[in-house]
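One-letter residues, chain by chain:
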Amino acid sequence: MKQLLNRSARVVLDALLPPTCAACGTEVMTEGAFCGTCFQAAHRIVSPSCHRCGVPLENEGLGGTQNCCAACDAHPPVWRSARAAFVYDARSRRLILPLKYSDHTENAAVLARQMASAGEGLLKDVTVVVPVPLYRTRLWKRRYNQAALMAQGVSRLAGLPCVVDALQRVRSTRALARLSAGEREQEMEHAVRVRKGRGVRIEGQAVLLVDDVLTTGSTATACTKALMKAGAASVDILVAARTGRVDEQNPRFVQE
Ligand SMILES: [Zn+2]
Ligand SMILES: [Zn+2]
């Protein structure tokens, strides 16, 4: 009840007060927008980027003719290709974290627009949009899945169906941030599956998997495997931001 009152109070206040940038609090023209400074500060990924994992490439030549980074060349990901709107760093974090931790759900639409534009090439090749799932208890605590909000935004913009609950986390995974790549993979294995009854919406489809951040790719790998197991024809990844790889060829994009 208290929460409900807080919420209605916020709705009333929001109607009275001018909208502010979700990242820094400066006044902005429209609700859910970021101010120009915060928005322009974020490092947009423009071509050339690795078509397999979305990491920005320093120049066309580095990717060779395949436009593929050295890491993907050595260990190709299980998904078909990936695109990211921003490099995940201190600047883009300011755009993404308010959505993740402080109820700024209106940001999802803003980020979805950036993602749809970064993933323009992918959107022509997919038939259904699916978000990376949150574990139940985490969903209750946060009340929404930020990846689902982004997936819905992208699906609306692209005119594609979105199966919001296609994937399910079958068990809680430890916070992945501190684990090594190998430990992450182990932690995620069998942690995701296609929800009972949703297989028919996945079978034969070219799936676009949506998440907020692509880091080592262990979550995206687990989701891709689950989708392929359910008969998906292909899986592509679209994220708001991509962490830089610790890549000798590409020291500029080393994760902060
Ligand atoms: Zn701002
Ligand atoms: Zn790559």
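Residues numbered from 1 in each chain as written. Chains lettered and ligands numbered in written order. Predicted model: local features only at pLDDT ≥ 70, side-chain atom pairs only at ≥ 80, totals over all residues. Heavy atoms only, no water.

**Let's talk about the coordination of the zinc ion (ligand 1)**
The protein atoms that coordinate the zinc ion (ligand 1) are C21 (SG), C24 (SG), C35 (SG) and C38 (SG), at distances of 2.3 Å. The site at the zinc ion (ligand 1) holds 4 donor atoms, and with the angles between them running 104 to 116 degrees, its shape is tetrahedral. Along the chain, the residues donating to the zinc ion (ligand 1) fall in the pattern C-x2-C-x10-C-x2-C. Of the two residues, C21 sits in the loop between α1 (2–16) and α2 (36–41) while C35 sits in the loop between α1 and α2, which places them 14 residues apart along the sequence. We note that C21, like C35, is buried. (Donors = N, O, S within 2.8 Å, 3.2 Å for Na, K, Ca; no water. Tetrahedral: all angles 85-135°; square planar, octahedral: opposite > 155°, others 65-115°. Helix = DSSP H or I, 4+ residues; strand = E, 2+ residues; numbered from the N terminus. Buried < 20%, exposed > 50% of the residue type's maximum accessible area, 1.4 Å probe, protein only.)

**Re the pattern of salt bridges**
All chains considered together, the criterion is met by 2 salt bridges. Between R80 and D236 there is a salt bridge, with its nearest N and O atoms 2.6 Å apart. A residue pair is termed long-range when its members are at least 10 positions apart, and R80 in the loop between α3 (70–74) and β1 (82–87) and D236 in strand β6 (residues 234–242) qualify at 156 residues. What makes R80 partly exposed here is its relative accessible area of 39%. Overall, D236 belongs to the buried group, its relative accessible area being 0%. Between D165 and R198 there is a salt bridge, with the nearest N and O atoms lying 2.7 Å from each other. One end of the pair, D165, is in the loop between α8 (146–158) and β3 (167–169); the other, R198, is in the loop between β4 (192–194) and α10 (199–202), with 33 residues separating them in the sequence. Given a relative accessible area of 26%, D165 falls into the partly exposed group. (Salt bridge = Lys/Arg side-chain N within 4 Å of Asp/Glu carboxyl O.)

**Observations regarding the coordination of the zinc ion (ligand 2)**
A metal bound by six donors in octahedral fashion has ideal angles of 90 or 180 degrees, whereas one bound by four tetrahedral donors has an ideal angle of 109.5 degrees. For the zinc ion (ligand 2), the full set of protein donor atoms is C50 (SG), C53 (SG), C69 (SG) and C72 (SG), and the range of their distances to it is 2.3 Å. Given 4 donor atoms and angles of 102 to 116 degrees at the metal, the environment of the zinc ion (ligand 2) is assigned as tetrahedral. Within one chain, the residues donating to the zinc ion (ligand 2) are spaced in sequence as C-x2-C-x15-C-x2-C. Highlighted residues: C53 in the loop between α2 and α3 and C72 in helix α3, separated in sequence by 19 residues. Both residues of the pair, C53 and C72, belong to the buried class.

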